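Here's the letter readout for the chains.
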Amino acid sequence: MKQKFRALIACLLTVVIFASSFSAGAAFAPEQAINSEAAYLVNLDTGMVMYKKNENKKLYPASLTKIMTAILVLESGKDLDKTVVTAPSYIFDDLWKLDASTAGIMAGEQITLRDLLYALMLPSACEAGSILADYFGGGSIPKFVEQMNARAKELGCKNTHFVNAHGLHNPDQQTTAYDMYLITKHAMTLTPFMEIACTPKYTMQATNKHPKTRNIYHTNEILRTTSSYSKYYYPYMKGIKTGTTDESGKNLVSTASKNGYNYLLITMGAPLKYSNGKPVGDNGSYIDAINLYDWAFDNFKMKTVITKTDTVADVKVTQSWDRDHVLLVPEKDVTALLPSMVDPSSIQKDLSEVPKSIQAPVKKGQVICQIKLKLADEQFETVNLVASEDAGRSTILYVWDGVKGFFSSLWFKLIVGFLVVLLAAYFFFMVMYNKKRQKNKVVRRKRKF
């Protein structure tokens with residue numbers, strides 16, 4: 001008995017702790033502190049937001065900007081291998097002395113769109129961003145930036161504004177973790193964005209300025225397996241883009257997959273620490289990413305919440321001889337990503353939309369209403385409830401209900417009211433008419449005498 005009581009108390013404490021954190025915007029907080037200024041973690045299999053922190057706060061994107069640049073290039077429909085672009089010299093004048101990351105591309109170099117995209121996304125080459133902006137802007141980088149801002153709005157971004165295509169600091173270039181999620185989620189649907197963004201090492205082709213091939217590497221050190229980077233290596237992570245300036249701090253967009261679970265994470269504004277003008281200490285964006293991914297993989301599992309065979313409710317049926325109630329079942333099986341400690345039986349089933357009655361005929365599989373599934377009062381799924389059986393309509397009951405409906409309808413009441421008024425007017429008129437006749441008779445009698 002004591003063991004059962006202890007188990008019950010433990011279960012209740014677990015639910016209370018979970019409920020208090022779930023309503024705060026995340027399923028429950030990871031044990032490790034998240035040092036990034038903003039974060040947004042989404043399960044790609046379900047669309048469920050697992051963790052969020054300052055997701056709508058405007059921050060500097062730094063080189064995360066290049067994801068939007070890549071989107072416009074890929075959406076152009078240009079052949080990535082056959083389209084060769086010549087790097088204009090003015091771009092390098094603009095980047096001179098800005099401490100921009102590069103891929104060693106030179107003025108006048110003729111390079112394919114594919115190699116430019118790899119240079120853009122792996123070593124985060126700022127000259128590649130400007131070359132692409134110049135080319136797709138018809139020789140005008142500002143025109144390309146206008147396209148970036150217009151596309152961001154189309155994707156639902158409300159707090160994003162671009163000034164350049166490479167992400168070097170500008171106080172007017174801002175975005176949010178949530179907007180970067182929208183941008184990246186769309187980019188992931190474009191071929192071959194993920195192939196490019198998740199490649200640790202790429203070999204660029206020889207060009208008129210570089211007679212030999214050369215290798216470029218992804219700035220996301222977590223992807224690298226060499227000993228010098230083993231401190232951060234995380235086998236489940238893929239891509240996508242880093243971004244760092246003194247003003248932005250450390251930004252990272254990445255995905256991770258393990259045991260069939262897939263996540264997309266945006267972290268922005270991890271602190272930068274310097275010593276003698278050089279960054280020192282741990283990379284906070286990497287640590288935050290690894291901690292959040294481990295927390296999600298270890299603490300959430302897909303669980304069956306409700307099945308098509310579960311009887312959820314019953315509803316009264318009118319105008320049917322066959323049956324007076326119909327059982328309601330879910331239209332489909334529902335699985336959800338839930339904390340490992342949560343029993344699916346504890347899921348709240350909101351049946352407020354179930355009607356008091358429905359009219360026959362009812363067909364098996366007919367959608368009757370919806371059920372809302374909640375955890376700690378937070379709705380996470382809505383599913384249709386359908387009739388589990390037929391209910392035929394009785395013509396007699398249908399006609400009888402029609403007659404009753406007519407006699408209780410507003411029109412019937414108006415007609416009856418009109419007739420009552422008409423009848424009252426008739427009686428009033430007759431009374432007045434009879435009085436007048438009697439009066440006239442009295443007058444005529446008096447005249448005779």
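The following refers to the structure shown. (Residues numbered from 1 in each chain as written. Predicted model: local features only at pLDDT ≥ 70, side-chain atom pairs only at ≥ 80, totals over all residues. Heavy atoms only, no water.)

A short note on the sheet that holds strand 8 (residues 249–258)
Under the convention used in this document: In this description, strands pair whenever DSSP reports at least two bridges between them. Think of it this way: any DSSP run of H or I at least four residues long counts as a helix, any run of E at least two long counts as a strand, and we number them from the N terminus. Helix axes are fitted to C-alpha atoms over the stretch in contact, other axes to C-alpha atoms as well, and angles between N-to-C directions run from 0 to 180 degrees. Should any heavy atoms of two residues lie within 4.5 Å, those residues are counted as being in contact.
Here we have five strands laid out as an open sheet, ordered 2-1-9-8-7, and antiparallel in their pairing. Edge positions in the sheet fall to strand 2 (49–53) and strand 7 (237–245), since each has one partner strand and no second. Taking each pair of neighbouring strands and ignoring which way they run, the sheet shows an average axis angle of 5°. In this structure, strand 1 (residues 38–43) lies alongside strand 9 (residues 261–270), joined through six bridges in antiparallel fashion. The partner of Ala38 across the bridge, within strand 9, is Met268. Each of strand 1, strand 2, strand 7, strand 8 and strand 9 touches helix 9 (residues 284–299); the most contacted strand, strand 9, lies at about 150° to it.

Details of the side chain of Ser285
Quick note on the threshold: Relative accessible area decides the class of each residue, using a 1.4 Å probe on protein chains only: under 20% of the type maximum gives buried, over 50% gives exposed, and in between gives partly exposed. Think of a polar contact as two N or O atoms within 3.5 Å of one another; within protein, one of them needs to be a possible hydrogen donor and the other a possible acceptor, and neighboring residues in sequence only count if both atoms come from side chains.
Within the secondary structure, Ser285 is located in helix 9. In this structure Ser285 comes out as buried when scored by relative accessible area, which is 1%. Engagement of the side chain of Ser285 in a polar contact is seen with the side chain of Asn283, the distance being 2.5 Å.

What about the pairing of strand 15 (residues 334–339)?
With respect to burial, strand 15 is a largely interior element, five of its six residues being buried. Where strand 12 (residues 300–306) lies against strand 15, six bridges are found, and the strand directions are antiparallel. By the bridge assignment, Ile306 is partnered in strand 15 with Val334.

Concerning the pattern of salt bridges
Using the following cut-off: Salt bridges are identified by distance alone: a Lys or Arg side-chain nitrogen within 4 Å of an Asp or Glu carboxyl oxygen.
For the structure shown, the criterion picks out nine salt bridges. Here Lys57 and Glu37 are joined by a salt bridge, their closest N and O atoms 2.4 Å apart. Of this pair, Lys57 sits in the loop between strand 2 and helix 2 (65–75) while Glu37 is found in the loop between helix 1 (2–22) and strand 1, placing the two residues 20 residues apart along the sequence. Among the residues examined, Lys57 registers a relative accessible area of 38% and is labelled partly exposed. The exposure class assigned to Glu37 is partly exposed, which follows from its relative accessible area of 30%. For Lys372, the salt bridge goes to Glu353, with nearest N and O atoms at 3.7 Å. Placement of the pair is Lys372 in strand 18 (residues 367–375) and Glu353 in the loop between strand 16 (348–350) and strand 17 (357–359), with a sequence separation of 19 residues. Residue classification places Lys372 among the partly exposed residues on the basis of a relative accessible area of 24%. Each of Glu75, Arg151 and Glu154 takes part in a single network of salt bridges with overlapping partners.

Things to note about the packing of aromatic side chains
Each aromatic ring pair is summarised here by two numbers: the centre-to-centre distance and the angle between the ring planes. Heads up, the condition is: Aromatic pairing here means that ring centres of Phe, Tyr or Trp (its six-membered ring) are within 6.5 Å. Orientation follows from the plane angle: under 30 degrees is stacked, over 60 is edge-to-face, and everything else is tilted.
Under the counting rule described, the total for this entry stands at 15 aromatic pairs. With 6.3 Å between their ring centres and 15° between their planes, Tyr234 and Tyr293 make a pair best called stacked. Taken together, the residues span a long stretch of sequence, with Tyr234 in the loop between strand 6 (214–217) and strand 7 and Tyr293 in helix 9 at a distance of 59 residues. For Tyr293, a relative accessible area of 0% translates into the label buried. Aromatic ring contacts, followed pair by pair, group Tyr234, Tyr236, Tyr263, Tyr293 and Phe297 into a single cluster.

Topic: helix 7 (residues 177–187)
Of all eleven residues in helix 7, nine are buried; the element is thus mostly enclosed. Burial in helix 7 covers these residues: Ala177, Asp179, Met180, Tyr181, Leu182, Ile183, Thr184, His186 and Ala187.

Brief notes about the environment of Phe136
Residue position: Phe136 is located in helix 5 (residues 126–136). Of the residues examined, Phe136 reaches a relative accessible area of 16% and is grouped as buried. Filtering out sequence-adjacent residues up to four positions away, Phe136 remains in contact with Val73, Ser76, Lys78, Leu113, Phe144 and Gln147.

Thoughts on the packing of helix 2 against helix 7
To keep things clear, this is the line we draw: Crossing handedness is defined as follows: a turn of the near helix away from the far one that is anticlockwise and smaller than a right angle gives a left-handed crossing, while the clockwise case is right-handed.
Direction vectors running N to C along helix 2 and helix 7 enclose 35°, while the axes themselves pass 10 Å from each other. Helix 7 is crossed by helix 2, and the crossing has left-handed handedness. Residue-level contacts link Ile67, Met68, Ile71 and Glu75 of helix 2 to Met180, Ile183, Thr184, His186 and Ala187 of helix 7.

Some thoughts on the packing of helix 2 against helix 5
The angle between the axes and the distance between the axes are what describe a pair of packed helices. Basically, it comes down to this: Only Asp, Glu, Lys and Arg are considered charged, only Ala, Val, Leu, Ile, Met, Phe, Trp, Tyr, Cys and Pro nonpolar, and every remaining residue, Gly among them, polar.
Across the interface, helix 2 lies against helix 5 with an axial gap of 10 Å and an inter-helix angle of 40°. Regarding helix 2 and helix 5, the two cross each other, and that crossing is left-handed. In contact with Lys66, Thr69 and Val73 of helix 2, helix 5 contributes Cys126, Gly129, Leu132 and Phe136. When grouped by side-chain class, the residues that make up the contact of helix 2 with helix 5 number four nonpolar, two polar and one charged.

Topic: a nonpolar patch on the surface
Inclusion rule: By definition, no residue in a patch forms a salt bridge, and every one has over 30% relative accessible area; like charges are joined within 9 Å, nonpolar side chains (Val, Leu, Ile, Met, Phe, Trp, Tyr) within 5 Å. Only the protein chains shown count as covering a residue, and every accessible area follows the Shrake-Rupley method with a 1.4 Å probe.
A contiguous nonpolar surface patch, about 400 Å² in accessible area, is contributed by Ile415, Phe418, Leu419 and Leu422. Note on placement: Phe418 falls in helix 11 (residues 410–448).

What to know about the environment of Ala387
With respect to the helices, strands and loops of the structure, Ala387 is situated in strand 19 (residues 378–387). Measuring from C-alpha to C-alpha, the distance between Ala387 and Cys369 comes to 9.6 Å, with 18 residues separating the pair along the chain. Residues contacting Ala387, with those up to four places away along its chain left out, are Val326, Leu327, Leu328, Val362, Lys363, Lys364, Gly365, Gln366 and Ile368.

Focus: the nonpolar core
For clarity, the cut-off: For our purposes a nonpolar core is just a set of buried Ala, Val, Leu, Ile, Met, Phe, Trp, Tyr and Cys residues, chained together by side-chain atoms within 4.5 Å.
Counting 66 residues, the largest nonpolar core has Ile105, Met121 and Phe193 as its most contacted members. Excluding anything up to four places from it in sequence, Met121 contacts Lys66, Ile67, Ala70, Phe193, Ile196, Ala197, His218, Ile240 and Lys241.

Considerations on the environment of Asn149
Mapped onto the fold, Asn149 is located in helix 6 (residues 141–154). It is 7.5 Å that separates the C-alpha atoms of Asn149 and Thr160, two residues lying eleven residues apart in sequence. In contact with Asn149, other than residues within four places in its own chain, are Thr160, His161 and Phe162.

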